[in-house]
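Structure at a glance
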Amino acid sequence: MDSTQTPVPCGAPWPHRAVWATAGELVIDGVAMAALARRYGTPVYVMAERDVRDRCRAYRSALPGAEIAYAGKAFLCREMVRWIEEEGLWLDLASSGELAVARTAGFPPERVLVHGNAKTPRDLAAALDLGVGRIVVDSIGEINRIAAGASRARPQRVMLRVTPGVTTRTHPAVATGGEDQKFGLSISSGAALEAVRRVLDHPELVLTGLHCHIGSQLGEVRPYLIALRRLVALLAEIRDRHGRVLDELNLGGGHGVATRPGGAALDVTRLGPRLTATLRAACAACDLPVPRLFVEPGRAIAAAAGVTLYRVVAIKARPGGGAYVAVDGGMSDNPRPALYGAHHEVALVGRRSEAPLRTMTIAGRHCEAGDLLAADVALPADVRPGDLLAFAGTGAYNHAMASNYNLVARPPVVAVRAGTARLIVRAETEADLLARDMAPAGVAVRQGRTVEPVGHPGKG
Ligand SMILES: Cc1ncc(COP(=O)(O)O)c(C=O)c1O
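To start, this report covers the structure provided alongside it. (Residues numbered from 1 in each chain as written. Predicted model: local features only at pLDDT ≥ 70, side-chain atom pairs only at ≥ 80, totals over all residues. Heavy atoms only, no water.)

The next subject is the site of the ligand. In the neighbourhood of the ligand, 16 residues make up the surrounding shell, with Ser216, Gly254, Glu296, Arg299 and Tyr397 lying closest. In this structure, an oxygen atom belonging to the ligand sits 3.4 Å away from a side-chain N or O atom of Lys73. Interatomic distance of 2.7 Å between a side-chain N/O atom of Glu296 and a nitrogen atom of the ligand. Protein chains bury 90% of the 390 Å² of accessible surface belonging to the ligand in isolation. Split into classes, the residues belonging to the shell around the ligand amount to three nonpolar, eight polar and five charged. (Near = heavy atom within 4 Å. Polar contact = N/O pair within 3.5 Å; in protein donor to acceptor, adjacent residues only side chain to side chain. Areas by Shrake-Rupley, 256 points an atom, 1.4 Å probe, with all protein chains shown as cover. Nonpolar A, V, L, I, M, F, W, Y, C, P; charged D, E, K, R; others polar.)

Okay, here's the thing in structure tokens:
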């Protein structure tokens, strides 16, 4: 990768403090990736702590006075919660499981927002028991259920998620601003206003504001400004009909990140001032006080802070030229390429190669022909089994979306900071996988082989 003798910054989409060092080594915030892979095994997710913190700070300084709620669905574990807490952000959570992580990490519940288009009774009970700061109402039927779990003495603050009818240029699977979709309540159909009326009827609920989330991996500022103006117009309509001035406006997340060197990103230094100015102007035009603005970035905080390391297992020539390079992970640790055609930069790390570049496709290990982690990437022609590959931009929606397909155990997460590596989520083990299987382990004994008993609660 690197033919110089001095470290060269990798640049986006690699973490801020990632450099190519001598001998093809990738060093992230002072930690060499080849040594880290030897110590923790592969695949392994690496999270650069100071990268996460830098991005939290960038949001806070580009949006002074606004609340930044990190969308925990992008990547969540107790250590990440601690970083988010220390950086003064809120948390946007979407299940009782995510709430359990925040609760057990000691995150202040008043800085938690709860989302979900199908919040289960367990999700709502967890949110209400914890005393979260806001529950974001996503359907009319949910209003009574939230009210039933709250009380006049301890009313629950809620926001209302609306669909502003904004179309965005992104993958259809992550476009959420248009009318026909599963999230939120339509402004144009009148459903949003009807929900406002019903929430206001409940003395157990306090309606603090409106919310929208128009999509993910968006590159343009404009759709946010359109959505913002539509939400301010709705705030004015609520005031006119109900005499209530709501004082919060949440524009969700979705801020795009660069996935290739020099690629486009929706930088918060560009977005922040435009949002603030447009909000002021729109409110002035409707004679409304300026509400407290919330944004909920997930990917923009976590994606570029993360790298995944894989070991090459097999190489196969392709009929039309090029090769398949099969690695020891795949769609179970990163389903995004198969789901959305997501792109990740890939590099050979840990050794320097002078071989010419060749087009290769990185294949995962799973029993799906579509389990391809990266198509047509340029790698040295002498890539061989045992080599280490690094994937950039895997900090968001990788660990969070991982599965056990083929009963492959999920990889660990290692945090790096100023020359130190620390295990923050341990690797799953085969014992973890077997622990949920309730049938007695013993069939193989009858076939003359022994089976190690696996102890778990509920089994003798
Ligand atoms: C309500 C809400 N807020 C925030 C986010 C975070 O989006 P992103 O990670 O693209 O910033 C999502 C993503 O699905 C979401 O649904």
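What follows is about the nonpolar core. One finds Tyr70, Met80, Leu91 and Leu275 to be the most contacted residues of the largest nonpolar core, which totals 89 residues. With 10 residues, the single largest contributor to this core is helix H8 (residues 222–242). Taken domain by domain, this core gets at least three of its residues from each of domain 1 (8–47 + 304–428) and domain 2 (49–303). Contacts of Tyr70, omitting those with residues within four sequence positions, involve Phe75, Met80, Ile84, Leu89, Trp90, Leu91, Asp92, Pro297, Gly298, Ile301 and Ala302. The next biggest cluster of nonpolar side chains, apart from the first, holds 25 residues, and it includes Cys10, Trp20, Ala48 and Val349. (Core = buried A, V, L, I, M, F, W, Y, C linked by side-chain atoms within 4.5 Å. Buried < 20%, exposed > 50% of the residue type's maximum accessible area, 1.4 Å probe, protein only. Helix = DSSP H or I, 4+ residues; strand = E, 2+ residues; numbered from the N terminus. Domains from an automatic or database assignment. Contact = heavy atoms within 4.5 Å.)

Quick look at a positive patch on the surface now. Taken together, the side chains of Arg222, Arg229, Arg270 and Arg274 make up a positively charged region of the molecular surface. Among the structural elements, Arg270 can be located in helix H9 (residues 268–286). Residue classification places Arg270 among the partly exposed residues on the basis of a relative accessible area of 39%. (Patch = residues over 30% accessible without salt bridge, like charges linked within 9 Å, V, L, I, M, F, W, Y side chains within 5 Å. Salt bridge = Lys/Arg side-chain N within 4 Å of Asp/Glu carboxyl O. Lys, Arg positive; Asp, Glu negative; His and termini not counted. Charge placed at Lys NZ, Arg CZ, Asp CG, Glu CD.)

We now examine the pairing of strand S20 (residues 388–392). On any regular strand, side chains alternate: one points to one face of the sheet, the next to the other face. In terms of burial, S20 is a largely internal element, five of the five residues being buried. On S20, burial covers both faces: Leu388, Ala390 and Ala392 on one face and Leu389 and Phe391 on the other are all buried. Both strand S15 (residues 306–317) and S20 contribute to a ladder of five bridges, which runs antiparallel. Along S20, the bridge assignment pairs Val307 with Ala392. (Pairing = 2+ DSSP bridges.)

As for its position among the elements, Glu428 is in the loop between strand S22 (420–425) and helix H12 (430–435). C-alpha separation for the pair Glu428 and Thr308, spaced 120 residues apart in sequence, amounts to 16 Å. Setting aside anything within four residues of it in sequence, one finds Glu428 in contact with Asn404, Val408, Ala409, Arg410 and Leu433. Separated by 2.8 Å, the side chains of Glu428 and Asn404 make a polar contact. Within the structure, Glu428 has its side chain in polar contact with the side chain of Arg410 (distance 2.8 Å).

Attention now goes to the pattern of salt bridges. According to the stated counting rule, one finds 29 salt bridges in the structure shown. Of the charged contacts, one joins Asp51 and Arg55 as a salt bridge, the two residues approaching to 2.5 Å between their closest N and O atoms. Here the residue Asp51 and the residue Arg55 both occupy positions in helix H2 (residues 49–62), the gap between them amounting to four residues, near one helical turn. The exposure classification of Asp51 matches that of Arg55, with both residues buried. Linking Glu194 and Arg198 is a salt bridge whose minimum nitrogen-to-oxygen distance equals 2.8 Å. In this pair, Glu194 and Arg198 are both assigned in helix H7 (residues 191–200), four residues apart and thus about one turn of the helix distant. Several salt bridges converge on common partners, so that one network encompasses Glu49, Arg53, Arg57, Glu79, Arg82, Glu86, Glu87, Arg417 and Arg422.

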